[in-house]
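Here's the letter readout for the chains.
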Amino acid sequence: MALSRRSFFQGAGALTLLAGRLAAPALAQSAPAGDIPPILFVHGNGDHAALWMTTLWRMESNGVPRERMAAINFTDPLARADDKVEQAGRSSTEDQRRALAEAISELKQSSGAARIALVGNSRGGNAIRNTIKNGGGGDISHAVLCGTPNHGVYASDDGLGNEFNGRGPFLRSLNDGDSEVTAGTAFLTLRSDGLDKYAQPDGRFIGKPGTPTNVTTEGPALKGATNLVLGAVDHRETAYHPRAFREIYKFIAGHEPSRIEIVPETAVRLSGLVTGMPGGVPTNRPVPGATVDIYRVSAETGERVSGPLHSSQTGADGRWGPAQVDPTWPLEFVLTSPGAVTTHIYRSPFPRSSEIVHLRAARPMLPADAGAGAIVLMSRPRGYFGLPRDIVLFDGKEPSDVKSGVPTDAVTTLRFAATEVGRPVAAIFNGERIVTRAWPASENRIAVAELTY
């Protein structure tokens with residue numbers, strides 16, 4: 001399952017907080033050329049390249065040239081139940097190793113660098129370690145593993161073929177020896193202080209409540225690496241939180257970043273890939289024949305301010321765009337994909353350009369949706385909702401379908417009566433606020449407030 005060139009995108013950006021929280025427009029000071037090698041970002045299980053958007057923005061805002069960064073998009077991002085047994089729409093550790101090796105070669109060639117740095121979240125760290133140990137570690141100067149279950153999500157004699165079993169052959173081979181890292185590459189691990197759902201002693205977060213996992217919060221640490229605890233961050237925040245950015249940048253550059261905030265550009269161009277979920281399995285395979293329409297909307301009401309700013313249809317490569325937008329405009333993306341619900345995605349203003357604004361239709365209608373006049377989702381791709389850690393308000397109330405304690409939920413759902421179709425619905429997460437409209441479910445439409453942070 002080699003990664004095609006079309007699945008490998010140069011990094012840029014995604015969303016932002018409220019415009020008032022952005023840095024004042026200014027040119028970032030360029031980093032000294034020798035300080036920072038080219039960086040390839042590697043997403044986790046079931047995810048895609050776009051999760052690295054805010055990290056890429058922050059790197060750019062610190063003077064790292066856009067063309068010296070990239071984010072891989074694994075074609076089939078979900079792991080197999082058994083690594084050695086073929087499973088439709090899923091990938092093996094060897095699939096990921098080959099794809100990552102190809103992406104490394106591409107970035108080395110495009111940048112002219114002899115060595116590059118790798119940064120991975122969760123399963124992406126497995127691919128990084130596998131590639132360095134078994135596929136060419138001499139190409140890699142730095143490896144940053146964020147929330148990677150380096151000793152497994154569980155360690156059991158059951159399901160030994162699973163990639164995430166600490167007693168299985170895959171992780172045992174990576175962890176064999178006095179040092180758990182490969183000589184010649186500098187390793188950093190970032191982990192949570194107890195809020196990573198995949199580094200928990202009890203199996204309730206993997207569907208086995210009351211069963212010991214034989215894994216602790218220290219599971220992501222590696223002998224021979226620099227191991228840092230970020231604090232009360234969740235599994236994805238070990239990679240995408242501003243606190244994680246600081247440590248990633250400092251480890252690779254050798255000095256503190258000059259800023260954490262994102263510096264906006266005056267001209268913003270957006271484009272990306274439309275992907276799908278055949279059979280309910282998330283893939284990064286392109287969807288041809290999808291239509292993407294973009295509207296500027298009111299930050300207070302979610303209503304469209306004018307006609308479409310952009311409209312395009314995807315070809316065989318699944319790409320949409322480019323669209324030119326103002327960095328202060330809240331946006332509504334309307335995605336119409338063959339055989340999927342029409343999805344209205346509301347987003348905060350985009351302060352910087354991006355070629356990885358990847359779009360995927362919302363989940364299909366569920367039995368629980370029967371009779372609903374409108375369905376609105378609040379989604380947090382770069383982290384989970386932590387209660388009581390975070391302020392989470394959906395239509396003025398704390399969501400009832402978000403569990404408290406260890407953060408485990410990244411999506412919350414509201415259903416409205418037919419009499420409420422068309423009204424505004426506010427989604428608030430800490431400092432970010434997005435207002436959607438309630439679209440009629442009878443027309444096979446779902447609205448999504450997609451958060452940046």
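Not measured: the values here are computed from a predicted model.

Participant: Please clarify how the overall build of the chain should be interpreted in this entry.
Facilitator: Secondary structure assignment for the chain yields six helices and 22 strands. Relative to a compact globule of 453 residues, whose C-alpha radius of gyration would be 22 Å, the chain shows 21 Å and is just as compact. With respect to the three principal axes, the spread of C-alpha positions in the chain is 65 × 50 × 40 Å. Expressed as a percentage of its 453 residues, the buried residues of the chain come to 58%. Of the contacts formed within the chain by residues at least 6 apart in sequence, a portion of 72% connects residues at least 24 apart. By element, 52% of the accessible surface of the chain is carried by carbon and sulfur atoms, the whole surface being about 17100 Å².

Participant: How should the packing of helix H2 (residues 93–111) against helix H3 (residues 123–135) be read in this particular structure?
Facilitator: Helix packing for two helices is described by the angle between their axes and how far apart those axes are. In the contact formed by H2 and H3, the axes pass within 9 Å of each other and the chain directions differ by 75°. Comparing their axes, H3 and H2 come out roughly perpendicular. Residues Thr93, Gln96, Arg97, Leu100, Ala101 and Ile104 of H2 pack against Arg123, Ala127, Ile128, Asn130, Thr131, Asn134 and Gly135 of H3.

Participant: Explanation requested: the packing of aromatic side chains in the structure shown.
Facilitator: Taken as a whole, this structure holds six aromatic pairs when the rule is applied. Geometrically, the ring pair formed by Trp52 and Tyr240 is edge-to-face, given 4.7 Å between the ring centres and 70° between the ring planes. Within this pair, whereas Trp52 is found in the loop between strand S2 (39–42) and helix H1 (53–61), its partner Tyr240 is found in helix H5 (residues 237–240), the two being separated by 188 residues in sequence. Both residues of the pair, Trp52 and Tyr240, belong to the buried class.

Participant: I keep staring at the sheet that holds strand S21 (residues 432–437) and nothing clicks. Help me out?
Facilitator: Pairing between the strands of a sheet comes from backbone hydrogen bonds, and it takes one of two forms, parallel or antiparallel. Strand order in the open sheet formed by three strands is S18-S20-S21, with antiparallel pairing between adjacent strands. With partners counted over all chains shown, the strands left at the sheet margins are strand S18 (392–394) and S21, one partner each. Ignoring which end each strand starts from, the neighbouring axes of this sheet average 15° apart. For strand S20 (residues 424–429) and S21, the ladder comprises six bridges, and the chain directions are antiparallel. Across the sheet, the residue bridging to Ala426 is Val435, located in S21.

Participant: I'm lost on the pattern of salt bridges in this one. Help?
Facilitator: Where charged atoms of side chains with opposite charge meet at close range, the side chains can pair. One pass over the full model with this rule turns up 32 salt bridges. Linking Glu163 and Arg123 is a salt bridge whose minimum nitrogen-to-oxygen distance equals 2.9 Å. Here Arg123 lies in helix H3 and Glu163 lies in the loop between strand S5 (140–146) and helix H4 (169–174), a separation of 40 residues in the sequence. Both residues of the pair, Glu163 and Arg123, count as buried. Linked through salt bridges whose partners overlap, the residues forming this network are Arg80, Glu86, Glu94, Asp95, Arg97 and Arg98.

Participant: Could you clarify how one ought to interpret the nonpolar core in this entry?
Facilitator: For soluble globular proteins, nonpolar side chains are generally found buried alongside one another. Within the largest apolar cluster, 51 residues are counted, with the highest numbers of intra-cluster contacts made by Trp320 and Phe333. If one sorts the elements of this core by residue count, helix H6 (residues 242–253) sits on top with six residues. Once you skip the residues sitting within four places of it in the chain, Phe333 turns out to touch Leu270, Val292, Asp293, Ile294, Trp320, Thr343, His344, Ile345, Arg347, Phe350, Val357 and Leu359. Counting 22 residues, the second-largest nonpolar core is a separate cluster that includes Ala99, Ala103, Leu145 and Val181.

Participant: How do you make sense of the side chain of Asn121 when you look at a structure like this?
Facilitator: Within the fold, Asn121 resides in strand S4 (residues 116–121). When neighbours within four sequence positions are excluded, Asn121 is seen to be in contact with Val42, His43, Gly44, Asp47, Trp52, Cys146, Thr148, His235, Arg236, Thr238, Ala239 and Tyr240.

Participant: Is there a simple way to think about the confidence of the model for the chain in this case?
Facilitator: Reading fine detail from the predicted coordinates is not recommended where pLDDT is low. Taken over all residues, the pLDDT of the chain has a mean of 92, while the share at 70 or more is 92%. Throughout residues 1–31 the model reports pLDDT below 50, and contacts reaching past four residues in sequence, or to other chains, amount to 120 contacts.

Participant: Explain the environment of Gly184 here, please?
Facilitator: The topology assignment puts Gly184 in the loop between H4 and strand S6 (186–192). Residue classification places Gly184 among the exposed residues on the basis of a relative accessible area of 56%. Setting aside anything within four residues of it in sequence, one finds Gly184 in contact with Arg115 and Ile140.

Participant: Which parts of the structure should I look at to understand unusual backbone geometry?
Facilitator: One can expect most non-glycine residues to show negative phi and most peptide bonds to be in trans. The omega torsion of the bond from Gly321 to Pro322 falls at 5°, within 30 degrees of zero and hence cis. Take Pro322: it is sitting in strand S13 (residues 319–325). Along the chain, Leu387 connects to Pro388 via a cis peptide bond; the corresponding omega equals 10°. Looking at where Pro388 falls in the secondary structure, it is placed in the loop between strand S17 (374–379) and S18. Even without glycine at this site, Ser122 takes up a positive phi of about 55°. Mapped onto the secondary structure, Ser122 falls in the loop between S4 and H3. Residues other than glycine seldom take positive phi values, yet Asn430 does so here, at roughly 50°. On the secondary structure map, Asn430 appears in the loop between S20 and S21. The exposure class of Asn430 is partly exposed, given its relative accessible area of 36%.

Participant: So what exactly am I meant to see when it comes to the pairing of strand S3 (residues 69–72) here?
Facilitator: On any regular strand, side chains alternate: one points to one face of the sheet, the next to the other face. Burial of the side chains of S3 extends over both faces: Met69 and Ala71 are buried on one face and Ala70 and Ile72 on the other. Two elements, S2 and S3, share three bridges in a ladder whose sense is parallel. By the bridge assignment for S3, Phe41 is matched with Ala71. In this view, the connection linking S2 to its parallel neighbour S3 by way of H1 has right-handed handedness.

What counts as what
- Residues numbered from 1 in each chain as written.
- Predicted model: local features only at pLDDT ≥ 70, side-chain atom pairs only at ≥ 80, totals over all residues.
- Heavy atoms only, no water.
- Helix = DSSP H or I, 4+ residues; strand = E, 2+ residues; numbered from the N terminus.
- Rg over C-alpha atoms; globule rule 2.2 N^0.38 Å.
- Buried < 20%, exposed > 50% of the residue type's maximum accessible area, 1.4 Å probe, protein only.
- Contact = heavy atoms within 4.5 Å.
- Areas by Shrake-Rupley, 256 points an atom, 1.4 Å probe, with all protein chains shown as cover.
- Axes fitted to C-alpha atoms, helices over the stretch in contact; angles between N-to-C directions.
- Parallel < 35°, antiparallel > 145°, perpendicular 65-115°, else oblique.
- Phe/Tyr/Trp six-rings, centres within 6.5 Å; stacked < 30°, edge-to-face > 60°.
- Pairing = 2+ DSSP bridges.
- Salt bridge = Lys/Arg side-chain N within 4 Å of Asp/Glu carboxyl O.
- Core = buried A, V, L, I, M, F, W, Y, C linked by side-chain atoms within 4.5 Å.
- pLDDT = per-residue confidence, 0-100.
- Right-handed = clockwise from strand over helix to strand, strands pointing away.

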